[in-house]
Amino acid sequence: MRVKITLSYDGSAFIGFQIQKNETKTCQSVAGALTRALRHINIETTVVGSGRTDTGVHATHQVLHVDLPPFWSDLAKLQAQLNVFLAPHIFIQRMTPVDDSFHARFDAKKRLYRYVLYDGAYQPFLSHYALHVKPLDVIKLNEYAQVFVGFHNFEYFKKLGGGKTKDERTIFKAGAYRYKHLIVIYFLGDAFLRSQIRMMCGSLLKACDGVLEYNDLIAQRDRKMKVSTTLIPACGLYLSRVFY
């Protein structure tokens, strides 16, 4: 039986989502931790996620699929047992039977990411979950984020080594909003290149700080000018939702 799993995880505890070679219990990926949890109850299967997240990146609604043997038909019991094993850094929210043709990655239509900033007094408890910045003009940040909306070639906003995927992507919505001292930058797109969101956010912060002009963002987006792109820390990035 193929099962769709929705889960959340604290990315600061992992070396990314995808399984890596020579993992250990103290240095493991999210998929690796889930694979070991499944093996603990005699389930050998491949964990397929909607997409990879880098080291330190969090997820509030990551989606994946696995194929279960027939003796595990009680999904509520399976979910409870896995959550005991995966605590405290991973939590399975839902397990739902799906058609065998369902694919967590290839069937995904849209992905929503959020990047969280904090412009208040330094809070050590937020160091793994938000990027501390100086006070920001959120109205300007929201306006500048609109530069990325639409179908564009994001070659200048990707980290090398991401494979031979196409650089063209569509961003349906982008913007920023504030809740007290927390600021959230969001992007809803069909898919994203490796580290694309962190680089776009880095350029937005430079523009808000006056290091880049508004037209510089447009020129870099259109590949007419290549400026130094800052890969801001992973701590503030969250995979928030996957749409099918």
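All values derive from a computational prediction rather than experimental measurement.

About the thresholds
- Residues numbered from 1 in each chain as written.
- Predicted model: local features only at pLDDT ≥ 70, side-chain atom pairs only at ≥ 80, totals over all residues.
- Heavy atoms only, no water.
- Helix = DSSP H or I, 4+ residues; strand = E, 2+ residues; numbered from the N terminus.
- Buried < 20%, exposed > 50% of the residue type's maximum accessible area, 1.4 Å probe, protein only.
- UniProt positions renumbered as here; feature names shortened; annotations may be inferred.
- Contact = heavy atoms within 4.5 Å.
- Phe/Tyr/Trp six-rings, centres within 6.5 Å; stacked < 30°, edge-to-face > 60°.
- Lys NZ or Arg CZ within 6 Å of the ring centre and 35° of its normal.
- Core = buried A, V, L, I, M, F, W, Y, C linked by side-chain atoms within 4.5 Å.
- Axes fitted to C-alpha atoms, helices over the stretch in contact; angles between N-to-C directions.
- Parallel < 35°, antiparallel > 145°, perpendicular 65-115°, else oblique.
- Left-handed = near helix turned anticlockwise from the far one by under 90°.
- Polar contact = N/O pair within 3.5 Å; in protein donor to acceptor, adjacent residues only side chain to side chain.
- Pairing = 2+ DSSP bridges.

> Help me out: how do you make sense of unusual backbone geometry in this one?
With an omega of 5 degrees, the peptide bond running from Ala87 to Pro88 counts as cis. Residue placement: Pro88 occurs in the loop between helix 2 (75-86) and strand 4 (90-97). Phi angles above zero are rare outside glycine, and Lys180 is one such case at about 55 degrees. Residue Lys180 is classed as exposed on the basis of its relative accessible area of 63%. One non-glycine residue with positive phi stands out, namely Ser195, at about 65 degrees. Within the secondary structure, Ser195 is located in the loop between strand 9 (182-189) and helix 4 (196-208).

> Please explain the UniProt feature "binding site: substrate" (unreviewed entry) in the chain as it appears in this structure.
Following the UniProt record, the feature "binding site: substrate" (unreviewed entry) maps to Tyr113 here. Take Tyr113: it is sitting in strand 5 (residues 110-118). Those residues within four positions of Tyr113 in sequence are excluded, and the remaining contacts are Arg52, Thr53, Ile185, Tyr186, Phe187, Phe192, Ile197, Leu237, Tyr238, Leu239 and Ser240.

> How should I be thinking about helix 5 (residues 214-221) in this particular structure?
An α-helix turns once per 3.6 residues; consequently, residues spaced three or four apart project the same way. Those residues of helix 5 lying buried are Leu217, Ala219, Gln220 and Arg221. Where helix 5 is buried, its residues contact helix 3 (138-145), strand 7 (150-153) and helix 4. One or two positions beyond helix 5, positive phi appears at Arg223, with a value near 60 degrees.

> How should the UniProt feature "domain: Pseudouridine synthase I TruA alpha/beta" (unreviewed entry) in the chain be read in this particular structure?
The residues that UniProt annotates with the feature "domain: Pseudouridine synthase I TruA alpha/beta" (unreviewed entry) are residues 8-107 and 145-244. What you have in residues 8-107 is 23% helix and 22% strand, and the ends, taken at the C-alpha atoms, are 20 Å apart.

> What should I look at first to understand the packing of aromatic side chains in this one?
In this description, an aromatic ring pair is defined by two values, namely the gap between the centres and the angle between the planes. With the rule as written, the count across this model stands at nine aromatic pairs. Ring geometry for Tyr144 and Tyr214: centres 5.3 Å apart, planes at 45 degrees, overall tilted. Taken together, the residues Tyr144 in helix 3 and Tyr214 in helix 5 connect sequence positions 70 residues apart. Of the residues examined, Tyr144 reaches a relative accessible area of 12% and is grouped as buried. An aromatic cluster is present here, built from Phe148, Phe154, Phe157 and Phe187 joined pairwise through their rings. Just above the ring of Phe172 sits the side chain of Lys110; from NZ or CZ to the centre is 4.8 Å.

> Honestly, the nonpolar core in this entry has me stumped. Any pointers?
Where a protein is soluble and globular, its nonpolar side chains tend to be buried together. Counting 70 residues, the largest nonpolar core has Leu117 and Phe187 as the members making the most contacts within it. Ranked by residues supplied to this core, first place goes to helix 4 with eight residues. Once residues within four sequence positions are removed from consideration, Phe187 is found in contact with Arg111, Leu112, Tyr113, Phe148, Ile171, Lys173, Ala174, Phe192, Ile197, Met200, Cys201 and Leu204.

> I'm lost on the packing of helix 1 (residues 30-40) against helix 2 in this one. Help?
When two helices pack together, their arrangement is given by the angle between the helix axes and by the axis-to-axis distance. At a minimum axis distance of 10 Å, the contact between helix 1 and helix 2 shows a crossing angle of 125 degrees. Comparing the axis directions of helix 1 and helix 2 gives the class oblique. The way helix 1 lies across helix 2 gives a crossing that is right-handed. Residues Ala33, Leu34, Arg36, Ala37, Leu38 and His40 of helix 1 form the contact with helix 2, whose own contacting residues are Leu82, Phe85 and Leu86.

> Help me understand the side chain of Asp119 in this model?
For Asp119, the location among the structural elements is in the loop between strand 5 and strand 6 (131-132). Judged by its relative accessible area of 8%, Asp119 is buried. A distance of 3.3 Å separates a polar side-chain atom of Asp119 from the backbone nitrogen of Leu136. Within the structure, Asp119 has its side chain in polar contact with the side chain of Arg178 (distance 2.8 Å). Not counting residues within four places of it along the chain, the set of residues in contact with Asp119 comprises Val133, Lys134, Pro135, Leu136, Arg178, His181 and Ile183.

> What is the right way to read the pairing of strand 9 from this model?
Of all eight residues in strand 9, six are buried, a share of seventy percent or more. Bridge analysis of strand 5 against strand 9 gives eight bridges, and the strand direction is antiparallel. Pairing of Tyr118 across the sheet is with Leu182, part of strand 9. Taken together, the eight bridges between strand 8 (residues 168-179) and strand 9 define a ladder with antiparallel strand orientation. If you follow Gly175 over to strand 9, its bridge partner there is Tyr186. The loop that links strand 8 with its antiparallel partner strand 9 comprises two residues; one of these, Lys180, has a positive phi angle of about 55 degrees.

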